[in-house]
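# Observations on the three-dimensional arrangement
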Amino acid sequence: MSTLRILRSRRRTLALEITSAGELLVRAPLWLPRQQIDAFVRSHQDWSNAQLEAQRRRRPFTHPDAGEDEIRLLTERTRARILPRVEFYAQKTGLVPTGVRITRARTRYGSCSAKNALCFSCFLADYPDQAVDLVVVHELVHIAVKNHGPAFYARLAEILPDWKARRELLRHPENAE
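From a predicted model like this one, the values you see are computed outputs, not experimental measurements. Numbers given to residues run from 1 along each chain, matching the order in which its sequence is written. A pLDDT threshold of at least 70 governs which residues receive local features in this predicted model, and a stricter bar of 80 or more applies before side-chain atom pairs are shown or counted, although totals over entire chains, interfaces and linings include all residues. Here the side-chain values reflect all heavy atoms present in the structure, with hydrogen atoms and water set aside.

Bringing the overall build of the protein into the picture now. Numbering goes from the N terminus for both helices and strands, where a helix is a DSSP run of H or I of at least four residues and a strand is a run of E of at least two. For the protein, the count of helices and strands is six helices and six strands. Throughout, the radius of gyration refers to the C-alpha atoms, and the reference size of a globule is 2.2 Å times the residue count to the power 0.38. Here the C-alpha radius of gyration of the protein, 20 Å, is well above what a compact globule of 177 residues would show, namely 16 Å. Expressed along its principal axes, the backbone C-alpha trace of the protein runs to roughly 60 × 40 × 30 Å. Buried residues in the protein amount to 40% of all 177 residues. For the protein, the computed accessible surface area is about 10,900 Å², with 50% contributed by carbon and sulfur atoms. Burial classes: relative accessible area under 20% of the type maximum marks a residue as buried, over 50% as exposed, and values in between as partly exposed (1.4 Å probe, protein chains only). Residue-level accessible areas treat just the shown protein chains as cover; the underlying method is Shrake-Rupley with a 1.4 Å probe.

Structure follows, in structure tokens:
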């Protein structure tokens, strides 16, 4: 089992989460006895084991430390790849961003702000074209649908019917043809 950490606060309920470091975090009320916390953790053991295993299998979107020169090159390469794809899919879908930036994000591929500005990680430079297109379309769809509900995935599937296969390329780019 992974490390267990208990974080007590003035909350009323118990909560269990798996941190990115693979640690089991229990959020508990100040007044709750340790016995009840341990019982709660035991009762959710199957869930926590499944989450930890899924986390181990997932390829994290993190990259080793890169120097300034390497980041600059990655940013230029990503910009050269992303901007034409954003333009292509914006014309195709009618979803036009207010701006596009390339960032040094290490834990997410892209994001869409409340004002419809898109950001993409410079580390996308090394991913297959199909995976990059998925990230572009994913963020463009957020212009129309701000959450990841059924409407979001329906719109994504209209534009990229094979989005699930493309998602696997993000998780395992080494499997690209």
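Next, the rest of the story.
For the rest of this paragraph, the subject is helix α3 (residues 68–93). For the α-helix, the turn length of 3.6 residues means that residues three or four positions removed from each other point alike. Look at α3: 36 Å from first C-alpha to last across 26 residues, which is about the 38 Å you get at 1.5 Å a residue. Of all the residues in α3, the buried ones are I71, L74, T75, T78, I82, V86, Y89, A90 and T93. A positive phi of about 80 degrees marks G94, the residue just after α3. Expected span of a helix, by definition, is 1.5 Å for each gap between consecutive residues, and there is one gap fewer than residues.

We count a salt bridge whenever a side-chain nitrogen from Lys or Arg sits within 4 Å of a carboxyl oxygen from Asp or Glu. For the structure on display, the rule yields eleven salt bridges. Residues D126 and R77 are paired through a salt bridge, measuring 2.7 Å at the closest nitrogen-oxygen approach. Placement of D126 in the loop between β6 (117–121) and α4 (129–144) and of R77 in helix α3 is noted, with a sequence separation of 49 residues between them. The network of salt bridges with shared partners includes R85, D133, D162 and R166.

Time to look at helix α5 (residues 150–159). Of the residues making up α5, those classed as buried are F152, L156 and I159. All buried residues of α5 fall inside an arc of 60 degrees around its axis, so they share one side. In α5, the exposed positions that point more than 90 degrees away from the buried face belong to P150, A151 and E158. Buried positions along α5 lie against α3, α4 and α6 (163–171). When we speak of the arc, we mean the arc of directions from the helix axis to the C-beta atoms. The contact criterion used throughout is that any non-hydrogen atoms of two residues lie within 4.5 Å.

Once that is clear, we can look at the confidence of the model for the protein. By definition, pLDDT measures how confident the predictor is in each residue, and it falls between 0 and 100. In this model, the protein carries an average pLDDT of 90, and 92% of its residues clear a pLDDT of 70 or more. For the protein, the element scoring lowest by mean pLDDT is helix α2 (residues 45–57), at 83; α5 scores highest, at 97.

Quick look at the sheet that holds strand β1 (residues 4–9) now. Strand pairing in a sheet takes place through backbone hydrogen bonds and is either antiparallel or parallel in direction. Strands were regarded as paired on the criterion that DSSP finds at least two bridges between them. With mixed pairing, the three strands of this open sheet are ordered in space as β1-β3-β2. Across the chains shown, the open sheet's two edge strands, defined by having one partner strand only, are β1 and β2 (15–18). Averaged over all neighbouring strand pairs, the angle between strand axes comes to 25 degrees, with direction disregarded. Of the pairings in the sheet, the one linking β1 to strand β3 (residues 24–29) comprises six bridges and is parallel in character. Following the sheet pairing, S9 is matched in β3 by P29. The axes are straight lines fitted to the C-alpha atoms, using for helices just the contacting stretch, and the angles between their N-to-C directions are given from 0 to 180°. Set on the sheet, helix α1 (residues 34–43) makes contact with β1, β2 and β3; between it and β1 the angle comes to about 130 degrees.

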